[in-house]
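Chain by chain, the residues:
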Amino acid sequence: MNTDFIKGVIVPIITVIDEEEKINEAAMRAQVDYVINGGLHGILAFGSNGEFYQIEEEEMERGFKIMVDQAAGRVPVYFGIGAINTKKCVRLAKMAVANGAAGISILQPMFLKPNFNELFLHFKTIAEAVPEIPVLLYNNPGRVGYTLSADLVEKLAHEVKNIVGMKDTSGDITQTEEFIRRNADVGFKVFGGKDTLLYASLCIGAVGGVCTAGNFMPELIVDIYNKYVAGDIKGSLAAQYKLNPVRLAMDGASFPVAAKDMAIMRGQAAGKPYLPNLPTPEGASYDKMKKEMEKSRPGTLPQYLFLFRDHTLIGYLFLIAEKEGFCRAFPWWAVHNADELPRNTALSFLAHGIQLSLDCGCPTLANRLQAQLEDQKKGIGRRPEEACR
């Protein structure tokens, strides 16, 4: 089984939803493009930040198909499984394989507290149900209430052929190190699961990280990895220190709301979290996130790209925003022209702008963008100044 591709920075991608709590296809496709264009090496669908615990199986399958289709082979797309019941996990694993998953990640069962043998059988049963695909364990004691032991991971790594790696979100660097050391003989691949410890994880032999920050600062989190593998150790550590204040500022918000808050601050149409969670209200926590984001954002890389084949939308969005006083709601956007951009991607980005307009409380702008979207679908273009009338 080829596992060479299992490395780098993988993003536990946020699940973008509409007002009915259905996956917003256009905005989801735009989020996939955003993280790939940001340089990330893989996408994990329905991880903890993907709010897997909120999503029904049928909707999960629809969303996964969207992500795999939009990624179009540019990066591997992994499927996260966090169900408690073993048979349900097997069903999800088979569904993921049928829809093009490059690998699956399995979280230890939450709420329960299974013993060694029960956990071994749980992971083994799921992995052996999909023997053709790589399986990664996912250790998240902070959310589940207990950790996977080094003994258990060693037994799984050595006795179940397609369990080839794991994500460790324990934050315990010694435990991460033990997962690596005790399974190095079988090429077991360990990812760090804490954004703030990506550099440290790489130093002890991790192959990369599964990092939330990839949803809103992909170029910064991937810079830590790229510099490290290129031998620029000091540069990698400097990039880690640049990221950490942003990542730590998220701790004041409820989980997993902060990732979507940050993405919206960055100009993305991330939408709202599933209820009962709510967007972080204005106040100390929100202000701290925004402050640290603004301090750390790079000054040279465009943070958001609206790419269209013609000039119809070039300047259009900004003309409306300026006319109606919405400029402050759309920070860090860059507008470019791309003659070779496929039409469906252009429509996806325009739909993304509609959702972002609504998220920012700009319904008038959203309505005008909707009209522009309908025109684009019909092949009708309007000059920017005409659209503003």
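Thresholds applied
- Residues numbered from 1 in each chain as written.
- Predicted model: local features only at pLDDT ≥ 70, side-chain atom pairs only at ≥ 80, totals over all residues.
- Heavy atoms only, no water.
- Helix = DSSP H or I, 4+ residues; strand = E, 2+ residues; numbered from the N terminus.
- Buried < 20%, exposed > 50% of the residue type's maximum accessible area, 1.4 Å probe, protein only.
- Contact = heavy atoms within 4.5 Å.
- Areas by Shrake-Rupley, 256 points an atom, 1.4 Å probe, with all protein chains shown as cover.
- Patch = residues over 30% accessible without salt bridge, like charges linked within 9 Å, V, L, I, M, F, W, Y side chains within 5 Å.
- Salt bridge = Lys/Arg side-chain N within 4 Å of Asp/Glu carboxyl O.
- Phe/Tyr/Trp six-rings, centres within 6.5 Å; stacked < 30°, edge-to-face > 60°.
- Lys NZ or Arg CZ within 6 Å of the ring centre and 35° of its normal.
- 1 Å grid on protein atoms, 1.4 Å probe; cavity = no way out; pocket = protein on both sides within 12 Å on 5 of 7 lines; lining within 4 Å.
- Points joined across faces, edges and corners; volume = space filled by probe spheres on them.
- Nonpolar A, V, L, I, M, F, W, Y, C, P; charged D, E, K, R; others polar.
- Core = buried A, V, L, I, M, F, W, Y, C linked by side-chain atoms within 4.5 Å.
- Pairing = 2+ DSSP bridges.
- Arc of directions from axis to C-beta.
- Polar contact = N/O pair within 3.5 Å; in protein donor to acceptor, adjacent residues only side chain to side chain.
- Axes fitted to C-alpha atoms, helices over the stretch in contact; angles between N-to-C directions.

A. Molecular detail of the overall build of the chain. If you tally the helices and strands in the chain, you get 16 helices and ten strands. Relative to its full complement of 389 residues, the chain shows a buried share of 56%. When contacts within the chain are restricted to residue pairs at least 6 apart in sequence, long-range pairs at least 24 apart make up 74% of them. Taken as a whole, the chain presents about 16,600 Å² of accessible surface, with 52% of it coming from carbon and sulfur.

B. How the structure looks around a nonpolar patch on the surface. A cluster of nonpolar residues, I84, F111 and L112, forms a patch on the protein surface that exposes about 340 Å² of accessible area. Topologically, I84 is positioned in the loop between β3 (77–81) and α3 (86–98). A relative accessible area of 36% places I84 in the partly exposed class.

C. Representation of the packing of aromatic side chains. All chains considered together, the criterion is met by five aromatic pairs. Taking the centre distance of 6.1 Å and the plane angle of 85° together, the rings of Y199 and Y228 count as edge-to-face. Here the residue Y199 occupies a position in helix α8 (residues 198–203), and Y228 occupies one in helix α9 (residues 218–229), the gap between them amounting to 29 residues. Accessibility expressed as a relative area gives 21% for Y228, which makes it partly exposed. Of the aromatic side chains, those joined through ring pairs into one cluster are F46, F64 and F79. The ring of F255 is capped by R143, whose NZ or CZ atom sits 3.8 Å from the centre of that ring.

D. Structural context of empty space enclosed by the protein. Enumeration over the complete set of coordinates arrives at three cavities of 30 Å³ or more. By volume, the largest cavity is sized at about 60 Å³. As for the largest cavity, its lining consists of I10, L44, Y78, S105, L136, K167 and V210. Here the residues of the lining of the largest cavity are counted per class, giving five nonpolar, one polar and one charged.

E. Quick look at the nonpolar core. Counting residues in each nonpolar core, the largest one holds 93 residues, and the members touching the most others are F46, F79 and I104. Dropping the residues within four chain positions of it, F46 is found in contact with T15, I23, F52, I55, M60, G63, F64, M67, F79 and G80. Membership of the second largest hydrophobic core comes to nine residues, among which are I6, I10, V164 and V210.

F. Summary view of the pairing of strand β6 (residues 163–168). With six of its six residues buried, β6 lies for the most part within the structure. Here strand β5 (residues 135–139) pairs with β6 via five bridges, running parallel. Bridge pairing links L137 to M166 in β6. The pairing of β6 with strand β7 (residues 189–192) spans four bridges and is parallel.

G. Here's a closer look at the environment of K65. With respect to the helices and strands, the residue K65 is situated in helix α2 (residues 57–71). Since its relative accessible area comes to 44%, K65 is described here as partly exposed. Expressed as a C-alpha distance, the spacing of K65 and A101, which sit 36 residues apart in the sequence, is 9.4 Å.

H. The environment of A239, seen in detail. Residue placement: A239 occurs in helix α10 (residues 233–249). With 19 residues separating them in the primary sequence, A239 and L220 have C-alpha atoms 6.9 Å apart. Excluding residues within four positions of it along the chain, A239 makes contact with L220, D223 and I224.

I. Representation of the side chain of E59 within the structure. By the secondary structure assignment, E59 is in helix α2. For E59, a relative accessible area of 12% gives the class buried. Excluding anything up to four places from it in sequence, E59 contacts K22 and I23.

J. Inspection of helix α7 (residues 173–181) at higher detail. Taken residue by residue, α7 has Q175, T176, F179 and I180 as its buried positions. The arc that holds every buried residue of α7, seen down its axis, measures 145°, which confines them to one face. Of the surrounding elements, those touching the buried residues of α7 are β5, α6 (150–159), β6 and β7. Sitting at the head of α7, D172 places a side-chain oxygen 3.0 Å from the backbone nitrogen of T174.

K. The arrangement of the sheet that holds β6 in detail. The strand order around the closed barrel formed by eight strands is β1-β2-β3-β4-β5-β6-β7-β8, and the pairing between neighbours is parallel. The mean angle between the axes of side-by-side strands here comes to 25°, regardless of whether they run parallel or antiparallel.

L. Looking closely at unusual backbone geometry. A cis amide bond links F255 to the next residue, P256, at an omega of 0°. Across the junction of L275 and P276, the peptide omega takes the value 20°, indicating a cis bond. The residue P276 is located in the loop between α11 (257–265) and α12 (284–296) in this model. The backbone of F46 sits at a positive phi, close to 60°, despite the residue not being glycine.

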